[in-house]
Amino acid sequence: MGYIADLNLIHKKNNKRYTFVYMASSTREGVGPTIWQAILKKTREIDVNLICYMGGKLGIDNTSLIYNLINLDKIDGIISWAAKPGNENASYYEKLKGFPFISLTIPIPGFPVV
């Protein structure tokens, strides 16, 4: 989780507390709890808000429709563990071009992946 440690580089502007979204396919199965706990711990350490949207894998699970409720005007960045291999979700990610976004494990063209 080295990239998450780099969140220490975030500085508040105008005393605004940043808000990040974690798009999680799971926080209870497989490595999900480990990833969730690491993100939660780091966001607490650097004093930022964290909102978790748990909705499964984009393009696979119907529960992933919840990600459409994310309002980019109200948040400062997204950490995603909801991608699936391939470009089937290109239209979803297109709206995120230029927005602070990190994908965990799955490369998405135009965005950093860890």
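Scroll up for the structure.
All of the points below concern the structure found in this document. These numbers come from a predicted model, not from an experiment.

### Describing the packing of aromatic side chains
Geometry of an aromatic ring pair is reported as the spacing of the ring centres plus the angle between the planes.
Now for step 1: A complete count under the given rule lists five aromatic pairs for this structure.
Now for step 2: On the numbers, 5.9 Å between centres and 15° between planes, the contact of Tyr 22 with Trp 36 is stacked. Of this pair, Tyr 22 sits in strand E1 (residues 19-24) while Trp 36 is found in helix H2 (residues 32-45), placing the two residues 14 residues apart along the sequence. In this structure, Tyr 22 and Trp 36 share a single accessibility class: buried.
Now for step 3: By the ring-pair criterion, three or more aromatic residues cluster together here, those being Tyr 92, Tyr 93, Phe 101 and Phe 111.
Now for step 4: Positioned over the ring face of Trp 81 is Lys 57, at 5.0 Å from the centre of the ring.

### Description of the pattern of salt bridges
Now for step 1: The final tally for this structure, using the stated rule, is three salt bridges.
Now for step 2: In this structure, the salt-bridge partner of Lys 16 is Asp 76, at a minimum N-O distance of 2.5 Å. With Lys 16 in the loop between helix H1 (2-5) and E1 and Asp 76 in the loop between strand E2 (49-54) and strand E3 (77-81), this pair connects stretches of sequence that are 60 residues apart.
Now for step 3: One salt bridge in this structure joins Asp 47 and Arg 17, with 3.0 Å as the shortest N-O distance. In this pair, Asp 47 sits in the loop between H2 and E2 while Arg 17 sits in the loop between H1 and E1, placing the two residues 30 residues apart along the sequence.
Now for step 4: Classification of Asp 47 by relative accessible area gives partly exposed; the value is 33%.

The rules behind these values
Residues numbered from 1 in each chain as written. Predicted model: local features only at pLDDT ≥ 70, side-chain atom pairs only at ≥ 80, totals over all residues. Heavy atoms only, no water. Phe/Tyr/Trp six-rings, centres within 6.5 Å; stacked < 30°, edge-to-face > 60°. Helix = DSSP H or I, 4+ residues; strand = E, 2+ residues; numbered from the N terminus. Buried < 20%, exposed > 50% of the residue type's maximum accessible area, 1.4 Å probe, protein only. Lys NZ or Arg CZ within 6 Å of the ring centre and 35° of its normal. Salt bridge = Lys/Arg side-chain N within 4 Å of Asp/Glu carboxyl O.

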